[in-house]
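# An overview of the molecular structure
So the chains spell out like this:
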Amino acid sequence: MQFGREIGRFQLVQNKLANMLAQLTAIKLTCFRLNELADEGAMTSPMASMAKMFAARQGRWICSEARDIMGGNGLLLENHVARHLTDMEVVFTYEGTDSMQSLILGRHITGFSAFA
Ligand SMILES: Cc1cc2nc3c(=O)[nH]c(=O)nc-3n(C[C@H](O)[C@H](O)[C@H](O)COP(=O)(O)OP(=O)(O)OC[C@H]3O[C@@H](n4cnc5c(N)ncnc54)[C@H](O)[C@@H]3O)c2cc1C
C-alpha cells in the first residue's frame, strides 16, 4: 500500500511487472529449449554459456526491479526480495562469471579467443 492505494494500481509498477514477466518467460523458454537439446545430446558449451549469461543477467535484473518496487521494505531480509537479489548476485558470478560466459560466446561467434 502507498498513498492509500495498492501499489499494483500504479502504472509504473504494472509496467515493471509486465517487463519482469516477459523476461522471466524468456529465461524459462531458453532453459526449456536447452534441456531439450541436452536430452538430444545436441547442447554445446557456447549454448550453455549463452543461457547462463542471459538467465543470470535477466534474473538479477528482475530481482532488482522487485526490490525497487518494494521500496525500503525491499531492503529488509525478512521480506525475501533482498535475499533473492543476493542469490542472483551469486549466480551472476559463480559457475562462470558473466564476463567469462560472454567471452566463451564471443569465441564461438568470431573464432578468436579473447582470453588465455
Ligand atoms: C556461493 C559460492 C559458491 C561457490 N561454489 C563453488 C563450488 O562448489 N565449486 C567451485 O569450483 N567453485 C565454487 N565457487 C567459486 C566460483 O566458481 C568462482 O568464484 C567464480 O568462478 C569466479 O572466479 P573467481 O572468484 O576466481 O573470480 P576471478 O576469475 O578472479 O574473476 C574476477 C573478475 O575478473 C573477470 N575475469 C577473469 N578472467 C578474465 C579474463 N580472462 N578476461 C576478462 N575478464 C576476466 C571475471 O569475469 C570477474 O569479473 C563458488 C562461489 C560462490 C560465491
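Before any of the text, the structure's been laid out above.
Residues numbered from 1 in each chain as written. Predicted model: local features only at pLDDT ≥ 70, side-chain atom pairs only at ≥ 80, totals over all residues. Heavy atoms only, no water.

Right, let's talk about helix H1 (residues 11–39) for a bit. The end-to-end C-alpha distance of H1 is 42 Å, a good match for the 42 Å that 29 residues give at a rise of 1.5 Å each. Turning to H1, its buried residues number three or more, namely Val13, Met20, Ile27, Leu34 and Leu37. Turning to H1, the residues buried within the fold contact helix H2 (45–69). Of the residues flanking the end of H1, it is Gly41, one or two places downstream, whose phi is positive at about 75°. (Helix = DSSP H or I, 4+ residues; strand = E, 2+ residues; numbered from the N terminus. Expected span 1.5 Å × (residues − 1). Buried < 20%, exposed > 50% of the residue type's maximum accessible area, 1.4 Å probe, protein only. Contact = heavy atoms within 4.5 Å.)

One non-glycine residue, Phe3, adopts positive backbone phi at about 50°. A relative accessible area of 72% places Phe3 in the exposed class. Positive phi values are uncommon outside glycine, yet Glu95 reaches one of about 50°. With respect to the helices and strands, the residue Glu95 is situated in the loop between helix H3 (81–93) and helix H4 (98–110). On the basis of relative accessibility, which here comes to 67%, the residue Glu95 falls in the exposed class.

Turning our eyes to something else, we now look at the packing of aromatic side chains. Summed over the entire model, instances satisfying the criterion amount to zero aromatic pairs. The ring of Phe92 is capped by Arg60, whose NZ or CZ atom sits 3.7 Å from the centre of that ring. (Phe/Tyr/Trp six-rings, centres within 6.5 Å; stacked < 30°, edge-to-face > 60°. Lys NZ or Arg CZ within 6 Å of the ring centre and 35° of its normal.)

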